[in-house]
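Topology and contacts: notes
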Amino acid sequence: MKFFTPTEVSAHNTAADLWVSFLGKVCDLTPLMEQHKGDDLLLPIMQCAGKDISYWFDPETKDVLTYVDPLTHCDRYFTPAGRFLHVPPAGPRSDWASVIGPPWWKDRRYEVGLLSAKTRWIRVINLLTSQEQRLQVCSEETLAEILQRYLPYNSHAGSYTWKHGGERLDMSLTLSENNVPDEDQELQELRLDQDLYTPAIHLHFNDDLTEG
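As annotated in an unreviewed UniProt entry, the protein chain carries the name Cytochrome b5 domain-containing protein 1 and is attributed to Xyrichtys novacula. What UniProt records for the protein chain under Sequence similarities (unreviewed entry) is the sentence "Belongs to the cytochrome b5 family."

In structure tokens, the structure reads:
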């Protein structure tokens, strides 16, 4: 599945275009918002539009967090921001439809991709035009997938040989697998400006121009 950066997820932050991430997944809940438009139980979801809501869920059970009610000694869903859609009420309710199919957080129809565990910045430098573009990419992406991110800036990006440190990069591998180190943590520990040490990918023009 496609990987997304938190920045990309955060761009989808309205009721008409609502994404969230949780437990490593990215979900487009726009159809859910439309289907249940006007339902008060959508409010907690709307308040977290474009954000990561992993703290709502148990990473082991993949379900909503629970707690033991001190009065009834029964397990209850833990929803401090308010009960949200598909979470059953604490007690019997005549207006609650218990048979609803999988809840939205287990419904794979809403999944659009995966959230990157680690993003990084690179500089893509076109040696033919001397143009430079900074890109935030997912560490899990192959160079071929990173090329797709770069296409809006150069529609002929496939007509270039991608190199780092003079070595040709394997487009089927990730940056790390191509020995392009991620030094973010080390730079942070040394209190050095990461922007000054962003790895550079050099694009060498080939003769076989691809179609734009």
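**Digging into the sheet that holds strand β1 (residues 3–4)**
Backbone hydrogen bonds hold the strands of a sheet together, and the pairing may be parallel or antiparallel. Ordered by their spatial adjacency, five strands build an open sheet running β1-β7-β4-β3-β2, and the pairing between neighbours is mixed. Each end of this open sheet is capped by a strand with a single partner; those strands are β1 and β2 (13–14). Direction of pairing for strand β3 (residues 17–22) relative to strand β4 (residues 25–28): antiparallel, over a ladder of four bridges. Opposite Trp19, over in β4, you have Asp28 as the bridge partner.

**Things to note about the sheet that holds strand β8 (residues 119–126)**
Taken together, five strands build an open sheet; the order of strands is β9-β8-β12-β10-β11 and the sheet is mixed. The open sheet is flanked by β9 (132–138) and β11 (167–168), the only strands paired with a single partner. Here strand β10 (residues 160–164) runs beside β11; their pairing, made up of two bridges, is antiparallel. Among the inter-strand pairings, His164 is bridged to a residue of β11, identified as Glu167. Helix α4 (residues 143–150) contacts β8, β9, β10 and β12 (200–205) of the sheet and is inclined by roughly 130° relative to β9.

**Comments concerning the packing of aromatic side chains**
This model, assessed by the stated rule, comprises 15 aromatic pairs. With a centroid separation of 5.8 Å and an interplanar angle of 90°, the aromatic rings of Phe22 and Trp104 are classed as edge-to-face. Of this pair, Phe22 sits in strand β3 while Trp104 is found in the loop between β6 (75–77) and β7 (111–115), placing the two residues 82 residues apart along the sequence. Take Phe22 and Trp104: they sit in the same class, and that class is buried. Both rings, one in Phe84 and one in Trp104, keep their centres 5.9 Å apart while their planes meet at 55°; by these two values the pair is tilted. You can see Phe84 sitting in the loop between β6 and β7 and its partner Trp104 sitting in the loop between β6 and β7, a full 20 residues away along the chain. Considered together, Phe84 and Trp104 belong to a single accessibility category, that of buried residues. Through a chain of ring-to-ring contacts, the aromatic side chains of Phe22, Tyr55, Trp56, Phe57, Phe84, Trp104 and Trp105 assemble into a single cluster.

The rules we used
- Residues numbered from 1 in each chain as written.
- Predicted model: local features only at pLDDT ≥ 70, side-chain atom pairs only at ≥ 80, totals over all residues.
- Heavy atoms only, no water.
- UniProt positions renumbered as here; feature names shortened; annotations may be inferred.
- Pairing = 2+ DSSP bridges.
- Helix = DSSP H or I, 4+ residues; strand = E, 2+ residues; numbered from the N terminus.
- Contact = heavy atoms within 4.5 Å.
- Axes fitted to C-alpha atoms, helices over the stretch in contact; angles between N-to-C directions.
- Phe/Tyr/Trp six-rings, centres within 6.5 Å; stacked < 30°, edge-to-face > 60°.
- Buried < 20%, exposed > 50% of the residue type's maximum accessible area, 1.4 Å probe, protein only.

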